[in-house]
Amino acid sequence: MGILALLVLVACLICQVIVAIKIFQNDGALKGILALICGLFGLIWGWMNATRLNIKTIMMIWSLLIVVYIILGAIGGFNFSYGVGTPATH
């Protein structure tokens, strides 16, 4: 379950970068950097400009991936540590 959640998270990141590139092209570097740092800004900006920039498909995929990630988190107990910081068991 954790690997699937990790793959969904990577796909979300790819969508975020695609939208951030669109922001760089249309609204400048400051908003583009903000979209890279704060995914929520990119998500909101993307939906506000989806029709104008023809990125509706990317926005729907990104939104769906977020929902899938939340569902996977609920099923897995939101324990996505991927082995980082877990104690060794003997």
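Higher on the page you've got the structure.
Procedures and definitions
- Residues numbered from 1 in each chain as written.
- Predicted model: local features only at pLDDT ≥ 70, side-chain atom pairs only at ≥ 80, totals over all residues.
- Heavy atoms only, no water.
- Helix = DSSP H or I, 4+ residues; strand = E, 2+ residues; numbered from the N terminus.
- Buried < 20%, exposed > 50% of the residue type's maximum accessible area, 1.4 Å probe, protein only.
- Contact = heavy atoms within 4.5 Å.
- Salt bridge = Lys/Arg side-chain N within 4 Å of Asp/Glu carboxyl O.

Caption draft 1: Focus on the overall build of the protein chain. When helices and strands are counted, the protein chain shows 5 helices and 0 strands. Starting at the N terminus and walking to the C terminus, you meet the elements of the protein chain as α-α-α-α-α. Out of the 90 residues in the protein chain, the part that is buried amounts to 27%. Taking as baseline every contact in the protein chain between residues at least 6 positions apart, the subset at least 24 positions apart corresponds to 43%.

Caption draft 2: Quick look at the pattern of salt bridges. Evaluated as defined, the whole model comprises 1 salt bridge. Across the pair Lys31 and Asp27 runs a salt bridge, and its minimum N-O distance is 3.7 Å. Assessed through its relative accessible area of 33%, Asp27 is described here as partly exposed.

Caption draft 3: Here's a closer look at the environment of Cys15. With respect to the helices and strands, the residue Cys15 is situated in helix H1 (residues 2-27). Sequence-distant contacts of Cys15, that is, excluding residues within four places in its chain, are made with Ile58, Ile61, Trp62 and Leu65.

Caption draft 4: Expanded view of unusual backbone geometry. Unusually for a residue other than glycine, Asn54 sits at a positive phi of about 60 degrees. When its relative accessible area of 71% is taken as the criterion, Asn54 is described as exposed.

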